[in-house]
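Residue-level structural notes
What follows is each chain in one-letter form.
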Amino acid sequence: MKAIILSAGQGSRLGHMVDDRPKCLIDFNGRTLLDRQLDTLEANGVDETVVVTGFHDELVNEAIRRRSGGPNVRTIYNPFYKVADNTGSLFMAREELSGDCLVWNGDTLVSRTLMQRVLANPQAGICVTIDRKDSYDEDDMKVVEEGGRLKAIGKRLPLEKVNAESIGLLAFRSGGAERFREAIDRAIRTPEGTTIWYLRVIHHIAQSGEVWTFDIKGEEWGEVDFPADVDAARQLTARWDAAEKARAA
């Protein structure tokens, strides 16, 4: 299993925290967001990772060079990160979309047990990791699913139909990555190609073919979009660190 981490954006909604560094290099209790993602992959046996960079790519490359151990990491630079959404990042990394692989948003932290469950799920094809909660807001990547099959995904779905949200982690097996690569290639060539999220591409695939969901309700994860998310993620990672230290004692 290979992982593709999308870390090209600046994360401008975080304000001055990202004036001189990308969001993936924000510190969370002594480890950057990217370090924690790579550590989670290493802990689950994923030994190959591709990081798509953009804003201050030189800092990301330097941070990766400073790491000792962990998965084998290489980077792909997306020069269009300012004018294209994350579909552009996947277009730049499209040759990596083959075989069994993960696509992971560079602003999402997941627990090691959550990642373990995603990797252990044998579902073939394209599988979107989802969680559930009592209500959803306008910034959630909302999902409509039925019997484990994705019906719709997007931020503007009618709330009365929404029954889950995407956490920003997808798994591709048994030809799923190749289907996605072809769809990305088609999407980027449309007039709106540079303005859409890659999950919009997933939505279109689901209208005419099978896209699956994997429910991780009860597992811990966090998305870092706003300053309040940073505080919440620091509390979350501090709890994970304390649990790891207790297990090692």
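Right above here is the structure, for reference.
Residues numbered from 1 in each chain as written. Predicted model: local features only at pLDDT ≥ 70, side-chain atom pairs only at ≥ 80, totals over all residues. Heavy atoms only, no water.

1. Structural notes on the overall build of the protein chain
Put simply, the rule reads: Note on conventions: DSSP H or I runs of at least 4 residues are helices, E runs of at least 2 residues are strands, and numbering of each starts at the N terminus. Radius of gyration means the value over C-alpha atoms here, while the globule rule gives 2.2 Å times the residue count to the 0.38 power. Only protein chains enter the calculation, and the probe is 1.4 Å; a residue is then buried if its accessible area is under 20% of its type maximum, exposed if over 50%, and partly exposed in between. The contact criterion used is simple: two residues touch if any of their non-hydrogen atoms lie within 4.5 Å. Residue-level accessible areas treat just the shown protein chains as cover; the underlying method is Shrake-Rupley with a 1.4 Å probe.
Along its length, the protein chain carries 7 helices and 13 strands. Compactness check: the protein chain gives a C-alpha radius of gyration of 17 Å against a globular reference of 18 Å for 249 residues, within 12% of the reference. Residue burial in the protein chain is summarised as follows: out of 249 residues, 52% are buried. Intrachain contacts of the protein chain at a sequence separation of at least 6 include 74% that bridge at least 24 residues. When the accessible surface of the protein chain is totalled, it reaches about 11600 Å², and 48% of it is carbon and sulfur.

2. Some remarks on the nonpolar core
For soluble globular proteins, the rule of thumb is that nonpolar side chains tend to be buried together. Rules: Nonpolar cores were defined as sets of buried Ala, Val, Leu, Ile, Met, Phe, Trp, Tyr and Cys residues, with membership established by side-chain atoms within 4.5 Å.
Within the largest apolar cluster, 36 residues are counted, with the highest numbers of intra-cluster contacts made by L90, F172, F180, Y198 and I202. Residues contacting Y198, with those up to four places away along its chain left out, are L6, N86, T87, L90, V103, N105, G168, L170, F180 and I184. Judged by nonpolar contacts, the second largest core, of 26 residues, contains A3, I64, M115 and V118.

3. Points about helix α5 (residues 176-188)
Since the α-helix packs 3.6 residues into each turn, any two residues three or four apart lie on the same face. Formally: Helices are assigned an expected span. That span is 1.5 Å times one less than the residue count. Starting at the helix axis, one direction is taken to each C-beta atom, and the arc is that of these directions.
With 13 residues, α5 extends 18 Å from end C-alpha to end C-alpha; this agrees with the ideal 18 Å at 1.5 Å per step. Considered for burial, the residues of α5 that qualify are G176, A177, F180, A183, I184, A187 and I188. The arc enclosing the buried residues of α5, seen along the axis, measures out at 125 degrees, which places them on a common side. Looking at the packing, one finds that the buried side of α5 touches α3 (86-92), β6 (101-105), β8 (125-131), β11 (164-173) and α6 (198-208).

Honestly, it's all geometry; don't read function into it.
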